[in-house]
Every structure is written in C-alpha cells, then in structure tokens.
Amino acid sequence: MGNKKTTSYLSNSPLERPGKTPIPYNYDRVYEDIDNLKRELDMFQEAVKAAKLGAKVNKKNKDFYNSYILLPVTLYSDLITFERTLHQIALLKKEFEETCKKESIVKALLLLDKAETQLELVYKNSLEGDKNEKWANWYNPEIRRPNNGFPKMEDISKIRKVLKEIE
C-alpha cells in the first residue's frame, strides 16, 4: 500500500524510510497508485461481502472463521478505503496547485474528516475484531511492527495543518 507516499505528499514532508535516505514528497508517486488501488478496493469490497456471507453460513467454527477470514479481509478493506480517500484528497490538492481554486482545498478538508472517521474504524476493528483470546491483541495498532506503513492519527493532523495553511 502506498499510504505513506500519499501522506508524504499531502503533509509536504519527505517519505521517511527506516534505515534509508528520506525521499522528497512527490505527487507522481501518488498518481502511480490511484488506478491500482481503485481496482483493489473494488475487489476487497466484494471479498468482504463474500466473507460476511460465509460468516452467516458458518455455524461450527465462528471464531476461527472470524480470525482467519472475515477479520483480515475487513481490516485490509478498511485500510484500502482509507487510502482511497487520501488519494481523492491528493487529487484535490494537486488541482489546487494547478488552478489555485480554494474550493479544491475546502473539498479536501471535508474529505479529510471522512478519512479521519475511516481511520478510527480501522483502529476500532483492529482493537476489538479478534474473538479468539489467544490472538486478542494481535492487530493492536500500537504494537504493530514499525514498518513505517501503518497510518496514524498524527498523519491526519499533519495533513490538516498543511491544507489549512493553503486554504
């Protein structure tokens, strides 16, 4: 997922990579991901529908089904949905950069509120989604491996600050 590329562009900050040289923010890196992510989102929305249908049918191993099928596909779909909204914001920011139309930034800020709600859902589902006690904390965003790829609420704050400055 390219959410860090998008966050980098939207927050006017270099793309930080652990142990590597930072890369300057760049709209082209975002643009490269837009079509591919749209296709992924469509596929994962279908996968979530299928997984929910399977959960209704599965009576015997509900916790196993949730842990190994429904929850992972839901979490990934939530992340892609969030990233897709960031892409829409990036398109509006780029439009502003090319046209200086303030309405693009106003729309971007409204979408950022939506992205924040979507990220809250990612965290909520990550924290309460697994029904098996053995894996109860497995998806906790606070203890994820620091791969520089999982979105944080502070990313939203950085983006909001930049958009407000150019509003």
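Fair warning: this is a prediction, and the values are worked out from it, not measured in the lab.

**Observations concerning the environment of leucine 127**
Turning to step 1, where the next piece is worked out: As for its placement among the helices and strands, leucine 127 is situated in helix H4 (residues 102–128).
Turning to step 2, where the next piece is worked out: Taking relative accessible area as the criterion, leucine 127 reaches 46% and is therefore assigned partly exposed.
Turning to step 3, where the next piece is worked out: Beyond its immediate stretch of four places on either side in the chain, leucine 127 contacts Ala136, Asn140 and Pro141.

**Here's the deal with helix H5 (residues 153–166)**
Turning to step 1, where the next piece is worked out: With 14 residues, H5 should reach 20 Å at 1.5 Å per residue; the first-to-last C-alpha distance of 21 Å fits that figure.
Turning to step 2, where the next piece is worked out: Every buried residue of H5 is accounted for by Asp155, Ile156, Ile159, Val162 and Leu163. End-on, the buried residues of H5 take up no more than an arc of 130°, which puts them together on one face. Residues Lys161 and Glu165 are exposed on H5 and point more than 90 degrees away from its buried face.
Turning to step 3, where the next piece is worked out: Taken together, the buried residues of H5 touch helix H1 (3–10), helix H3 (62–99) and H4.

**Observations regarding the pattern of salt bridges**
Turning to step 1, where the next piece is worked out: For the structure shown, the criterion picks out nine salt bridges.
Turning to step 2, where the next piece is worked out: Residue glutamate 128 is joined to lysine 124 by a salt bridge in which the shortest nitrogen-to-oxygen separation is 3.1 Å. Of this pair, glutamate 128 and lysine 124 both sit in helix H4, four residues apart, which is roughly one turn of the helix.
Turning to step 3, where the next piece is worked out: Owing to a relative accessible area of 48%, glutamate 128 belongs among the partly exposed residues under this scheme.
Turning to step 4, where the next piece is worked out: By sharing partners, the salt bridges in this structure join Asp113, Glu116 and Arg160 into a single network.

**Remarks on the environment of asparagine 58**
Turning to step 1, where the next piece is worked out: Of note, asparagine 58 is situated in the loop between helix H2 (27–57) and H3.
Turning to step 2, where the next piece is worked out: Of note is the side chain of asparagine 58, whose polar atom sits 3.0 Å from the backbone nitrogen of asparagine 61.

**Here we look at the nonpolar core**
Turning to step 1, where the next piece is worked out: Grouped together as the largest cluster of nonpolar side chains are 25 residues, with contacts concentrated most on Leu10, Leu86, Ile89, Leu112, Ala115 and Leu163.
Turning to step 2, where the next piece is worked out: When residues of this core are traced back to their parent elements, those giving at least two are H1, H2, H3, H4 and H5.
Turning to step 3, where the next piece is worked out: Top element by residues in this core is H4. It accounts for nine residues.
Turning to step 4, where the next piece is worked out: Beyond its immediate stretch of four places on either side in the chain, leucine 10 contacts Leu86, Ile89, Ala90, Lys93, Ile159 and Val162.

**Notes on unusual backbone geometry**
Turning to step 1, where the next piece is worked out: Here asparagine 12, not a glycine, exhibits a phi torsion of approximately 50°, which is positive.
Turning to step 2, where the next piece is worked out: With respect to the helices and strands, the residue asparagine 12 is situated in the loop between H1 and H2.
Turning to step 3, where the next piece is worked out: Looking at asparagine 12, the relative accessible area reads 34%, which means it is partly exposed.

**Observations regarding the packing of aromatic side chains**
Two descriptors summarise a pair of aromatic rings, namely the distance from one centre to the other and the angle between the planes of the rings.
Turning to step 1, where the next piece is worked out: Applying the stated rule across the entire model yields four aromatic pairs.
Turning to step 2, where the next piece is worked out: With a centroid separation of 6.0 Å and an interplanar angle of 35°, the aromatic rings of tyrosine 27 and tyrosine 31 are classed as tilted. With tyrosine 27 and tyrosine 31 both in helix H2 and four residues apart, this pair spans about one turn of that helix.
Turning to step 3, where the next piece is worked out: A residue is classified by how much of its surface remains accessible, and tyrosine 31, at 52% relative accessible area, is exposed.
Turning to step 4, where the next piece is worked out: Three or more aromatic residues joined by ring pairs make a cluster, and in this case those are Tyr9, Tyr27 and Tyr31.
Turning to step 5, where the next piece is worked out: For the cation-ring pair, lysine 93 lies above tyrosine 9, with the distance from its terminal atom to the ring centre recorded as 4.0 Å.

So, how was this worked out
Residues numbered from 1 in each chain as written. Predicted model: local features only at pLDDT ≥ 70, side-chain atom pairs only at ≥ 80, totals over all residues. Heavy atoms only, no water. Helix = DSSP H or I, 4+ residues; strand = E, 2+ residues; numbered from the N terminus. Buried < 20%, exposed > 50% of the residue type's maximum accessible area, 1.4 Å probe, protein only. Contact = heavy atoms within 4.5 Å. Expected span 1.5 Å × (residues − 1). Arc of directions from axis to C-beta. Salt bridge = Lys/Arg side-chain N within 4 Å of Asp/Glu carboxyl O. Polar contact = N/O pair within 3.5 Å; in protein donor to acceptor, adjacent residues only side chain to side chain. Core = buried A, V, L, I, M, F, W, Y, C linked by side-chain atoms within 4.5 Å. Phe/Tyr/Trp six-rings, centres within 6.5 Å; stacked < 30°, edge-to-face > 60°. Lys NZ or Arg CZ within 6 Å of the ring centre and 35° of its normal.

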